[in-house]
Each structure stands twice: as C-alpha cells, then as structure tokens.
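Residue-level structural notes
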Amino acid sequence: MKTYKPTPTYVGGLVSSVAERPVWDVVLDDDGDEAIADLVSKVTITVVSATERRAGNYTTFLLNTIRDTPILAHLYPNSNQRKSALSFDVNGCKTNDTPSVVCYSVGSPATGARSNLIVYDDIETLTNSFTPTAREVLLTRAMEFINTGIAGNKESICLCTYQSTESIYLDMQDKGFVPMFIPSRYPTVEDMELKYQN
C-alpha cells in the first residue's frame, strides 16, 4: 500500500496530469478489491483555493474525471453517498464524517477537517495578495490547512501561479515546500535554432 511522504511539495504551472493526481491516489497499488476498499476508506483529500467557487470547480473536475474515465468509474459515488461541488465520497469508502474529497476557500476555517492530501489550487490572487499585510494573512490562512493533515500520513501539493515577485509561494519554500516548476510552453529545437542562429 502507498504511504504518503510527509514532505510538502508544490508545482508552478497547472498541468492536467498533476491536477488529476488526487484521483490516482485512490487507486494506487491495486492488490485486489479488498486492498482498494481499504485504501479508498483511508484516503481523504482537501482542496483549498482562493475562493470556494474555484475550489468547487476543482472538486467538480475530479468528480467528472472519475465518472468519465473507465478505469475509475467504479469509484463514482452511488446514490446514497455525498456528491456535490463542495464534497463527495468515492464509492467503496466506509461511512465517515469526513468526505473523501472536500473543498474550502483559503479564508474558510479548517476546523474539523482531516486529510491525507491537501491540494492548494491557486490560493494567491492579485486581490488577496495586493499588500504585504494581505500576503501575510494569506500565508497564515494557507498554513492553517497543514494542521488538518493526518499525522505521519500526509502530503501537500500546491498548484500555483505567481502573482508578484513577493509571492507567498516563495515564503512556502521556507516552510518546507519543495518547488517543482513545469513550464506550460517551451521552445522547440527549431525555434531555438532560428532565434539563436546556432
């Protein structure tokens, strides 16, 4: 069974395969139906975004990915399970007060939330990071969600777009987040040869 690394990580630049990572966390190490049911019961994911609407869009994206991907379709919630833009359970999870996937805005209180994986999805915007004081408040609120992680079995991923040279994402590196930059565009060899005449 997969164990989560306690080291938080973040990714600069949103790419589909990284955004879908939480979906794959519930189907790792398929050792049969019993192992999957056990894993599904233990994996809980918290999505944090700048606004509740944005977090809900991400959660809806995950739910639709499960529904539309044949290998994942068996995880789609059945009729007596939670299934909304704000939270849902995956089919096969045990009854629990914590949904399999739940979303919050970064300004929401995280009281009572518990998760194995925390996904920060563009928590910084021009509006909420305009001043040094606003960035400090935003960073404090974001770090509160770290405390919702289940001790010894948690991981954080931050999908982000820098909003300024004083971005809170730079401060997150000082708090243990390890950066990984994925460019959304890059030049081809032909483009580089044409530009640099080499």
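Not measured: the values here are computed from a predicted model. Starting afresh in each chain, residues are numbered from 1 along the sequence in its written order. Totals for whole chains, interfaces and linings use every residue, but because this is a predicted model, local features are given only for residues with pLDDT of at least 70 and side-chain atom pairs only at 80 or more, for both listing and counting. Hydrogens and waters are ignored; side-chain quantities use all the structure's heavy atoms.

1. A short note on the pattern of salt bridges
- For this analysis, a salt bridge means a side-chain nitrogen from Lys or Arg found within 4 Å of a carboxyl oxygen belonging to Asp or Glu. On inspection of all chains with the given rule, the structure shows four salt bridges.
- D121 is paired through a salt bridge with R54; the nearest N and O atoms lie 2.9 Å apart. Of the two residues, D121 is situated in strand β5 (residues 117-121) and R54 in helix α4 (residues 52-68); the sequence distance between them amounts to 67 residues.
- Taking the shortest distance from any N to any O, the salt bridge between R67 and D68 comes out at 2.8 Å.
- We call a residue buried when its accessible area falls under 20% of the maximum for its residue type, exposed when it is over 50%, and partly exposed in between, using a 1.4 Å probe and counting protein chains only. With a relative accessible area of 40%, R67 lands in the partly exposed category.
- Accessibility expressed as a relative area gives 52% for D68, which makes it exposed. A run of DSSP states H or I qualifies as a helix once it reaches four residues; a run of E qualifies as a strand once it reaches two. Both are numbered from the N-terminal end.

2. Here's the deal with unusual backbone geometry
- The phi dihedral of D122 falls on the positive side, at around 45 degrees, and the residue is not glycine.
- For D122, the location among the structural elements is in the loop between β5 and α5 (132-144).

3. What to know about the side chain of R135
- Its location among the elements puts R135 in helix α5.
- Look at R135 and you get buried, because its relative accessible area is 10%.
- A distance of 2.5 Å separates polar atoms of two side chains, one belonging to R135 and the other to E166.
- Residues in contact with R135, not counting those within four places in the same chain, are N128, S129, F130, E166 and I168. N or O atoms within 3.5 Å of each other form a polar contact, as long as, within protein, one can give a hydrogen and the other can take it, and as long as residues adjacent in sequence are counted only when both atoms are side-chain atoms. Throughout, a contact is declared for two residues whenever any of their heavy atoms are within 4.5 Å.

4. Details of the pairing of strand β4 (residues 101-105)
- Among the five residues of β4, five are classified as buried, and the element is accordingly described as predominantly covered.
- For strand β2 (residues 45-49) and β4, the ladder comprises five bridges, and the chain directions are parallel. Each bridged residue has a counterpart across the sheet, and for V48 the counterpart in β4 is Y104.
- Two strands are counted as paired when DSSP detects at least two bridges linking them. Pairing between strand β3 (residues 87-88) and β4: two bridges, direction antiparallel.

5. A look at the side chain of T59
- Residue position: T59 is located in helix α4.
- By relative accessible area, T59 is classed as buried at 0%.
- Those residues within four positions of T59 in sequence are excluded, and the remaining contacts are V47, S84, A85, F88, V101 and C103.

6. Focus on the environment of V90
- With respect to the element layout, V90 can be found in the loop between β3 and β4.
- Since its relative accessible area comes to 2%, V90 is described here as buried.

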